[in-house]
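Chain by chain, the residues:
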Amino acid sequence: MVRTAVVTGAGSGIGQACALGLLADGWTVVLTGRREERLRESARLADTRDRDRVVVLPADVTDAESVDALFRAVVERFGRLDLLFNNAADVMPYTPTEDVDVADWHRVMDSIATGTFLCSRAAFRIMKAQTPRGGRIINNGAPSAQTPRPDSVAFTAAKHAVAGITRSLSLDGRRYDISCGQIDIGNVTPADRPQPPVRQSDGSLRVEPTMDVRHVVDMVRAMAALPVGVNIQSVLVMPSAMPYVGRG
């Protein structure tokens, strides 16, 4: 049976790396995001043996009609959906709360919280009705879903919302054999630039330890490989020396 996965924000970074990892495990992977050319670049990175199982379907996760059209296309093409990795996100620079522009607030919240909700809603509709029933949703959280950095109110609020969505989906999915878990990801080595300094609890900026993205990929692959009915509810993957425990 074909195992079909949708990865949002698959045009770069963690989404791209995880999509390629799932392909290597035999999944048929739908790459989605707003920029079609970036998605096609991700598809070109797939091993030649896997390229017949990678599909590019652009969509805007903040737009309900676009999301619904995406998942209709997945069902029309493959007949089912087994895995959704909600990874897409917009971010903004560190900004004191009193200076946050409302447009930036909505942009960050819509891309992370609303996008996670809209894609999960569409996935639920498919997974509860298909045969065999059920599936898995993995949400990309962040350490900020538990403990914030200074001057990050929009991102922190959005990732806290994702944590709440994850728990709600996990509860509501039980009766449909839908599992939902969250992966909170610490500092990952940027692929194309030096690691930028990040805000510390005292307000200063400091370059922190990072880890290779392959460790994130390995965890997502492990979560995806679990049978329906078994779940990793929440996991934090981070460099051991990253100042998270005790921050703030």
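See the structure shown above.
Attention in this report is confined to the structure presented alongside it. Every value quoted in this text rests on a predicted model; they were computed, and no experiment measured them.

1. What about the sheet that holds strand S3 (residues 54–56)?
No. 1: Ordered by their spatial adjacency, seven strands build an open sheet running S3-S2-S1-S4-S5-S6-S9, and the pairing between neighbours is parallel. In this open sheet, the two strands that pair with only one neighbour each are S3 and strand S9 (234–237). Looking at each pair of strands side by side, their axes are set apart by 20° on average, direction ignored.
No. 2: Pairing geometry for strand S2 (residues 28–32) and S3, over three bridges, is parallel. The residue bridging Leu31 from the neighbouring strand is Val56, located in S3.

2. Considering helix H6 (residues 214–225)
No. 1: With 12 residues, H6 should reach 16 Å at 1.5 Å per residue; the first-to-last C-alpha distance of 16 Å fits that figure.
No. 2: Here H6 has its buried residues at Val216, Val217, Val220, Met223 and Ala224. All buried residues of H6 fall inside an arc of 125° around its axis, so they share one side.

3. Comments concerning the layout of surface pockets
No. 1: Its boundaries defined by the atoms lining it, the second largest pocket holds a volume of some 200 Å³.
No. 2: Lining the second largest pocket are 15 residues, and of these Arg3, Trp27, Asp82, Leu226 and Val228 sit closest to its centre.
No. 3: Elements supplying a minimum of two residues to the lining of the second largest pocket: strand S5 (135–140) and H6.
No. 4: Taken together, the residues of the lining of the second largest pocket break down into eight nonpolar, two polar and five charged.

4. Here's the deal with the packing of helix H4 (residues 102–127) against helix H5 (residues 153–172)
Between two packed helices, what matters for the description is the angle formed by their axes and the separation of those axes.
No. 1: Two elements in contact, H4 and H5, have axes whose closest approach is 8 Å; the angle formed by their N-to-C orientations is 15°. As the angle between them shows, H4 and H5 are arranged roughly parallel. With respect to the hand of their crossing, H4 and H5 are arranged in right-handed fashion. Between H4 and H5, the residues in contact are Trp105, Val108, Met109, Ile112, Ala113, Thr116, Phe117, Ser120 and Phe124 and Val153, Ala154, Phe155, Ala157, Ala158, Lys159, Ala161, Val162, Ile165, Leu169 and Asp172, respectively.

5. Structural notes on the environment of Ala163
No. 1: Here Ala163 shows up in helix H5.
No. 2: Sequence spacing of Ala163 and Asp52 is 111 residues, and the spatial spacing of their C-alpha atoms is 34 Å.
No. 3: Contact partners of Ala163, with chain neighbours within four places excluded, come to Ala145 and Gln182.

6. With respect to the pattern of salt bridges
No. 1: Applying the stated criterion to the full structure yields 12 salt bridges.
No. 2: A salt bridge links Arg80 to Asp82, with the nearest nitrogen and oxygen atoms 2.9 Å apart.
No. 3: With a relative accessible area of 7%, Arg80 lands in the buried category.
No. 4: Overall, Asp82 belongs to the buried group, its relative accessible area being 12%.

7. Details of helix H1 (residues 13–24)
No. 1: With 12 residues, H1 extends 17 Å from end C-alpha to end C-alpha; this agrees with the ideal 16 Å at 1.5 Å per step.
No. 2: After H1 finishes, the residue Gly26 shows a positive phi value of roughly 95°.

8. Details of the pairing of S9
No. 1: Burial along S9 is one-sided: the residues Val235 and Val237 are buried and none of Ser234 and Leu236 is.
No. 2: Note: strand S6 (residues 178–185) against S9, four bridges, orientation parallel. Bridge pairing links Ile183 to Val235 in S9.

9. Remarks on the nonpolar core
No. 1: Formed by 31 residues in total, the largest nonpolar core has its most connected members in Leu22, Val29, Leu31, Phe85, Ile183 and Val216.
No. 2: Broken down by element, the residue count for this core peaks at six residues, all from H1.
No. 3: Leave out the neighbours within four places in its chain, and Leu31 touches Val7, Ala10, Ala19, Leu39, Ser42, Ala43, Val54, Val55, Val56 and Leu57.

So, how was this worked out
Residues numbered from 1 in each chain as written. Predicted model: local features only at pLDDT ≥ 70, side-chain atom pairs only at ≥ 80, totals over all residues. Heavy atoms only, no water. Pairing = 2+ DSSP bridges. Helix = DSSP H or I, 4+ residues; strand = E, 2+ residues; numbered from the N terminus. Axes fitted to C-alpha atoms, helices over the stretch in contact; angles between N-to-C directions. Expected span 1.5 Å × (residues − 1). Buried < 20%, exposed > 50% of the residue type's maximum accessible area, 1.4 Å probe, protein only. Arc of directions from axis to C-beta. 1 Å grid on protein atoms, 1.4 Å probe; cavity = no way out; pocket = protein on both sides within 12 Å on 5 of 7 lines; lining within 4 Å. Points joined across faces, edges and corners; volume = space filled by probe spheres on them. Nonpolar A, V, L, I, M, F, W, Y, C, P; charged D, E, K, R; others polar. Parallel < 35°, antiparallel > 145°, perpendicular 65-115°, else oblique. Left-handed = near helix turned anticlockwise from the far one by under 90°. Contact = heavy atoms within 4.5 Å. Salt bridge = Lys/Arg side-chain N within 4 Å of Asp/Glu carboxyl O. Core = buried A, V, L, I, M, F, W, Y, C linked by side-chain atoms within 4.5 Å.

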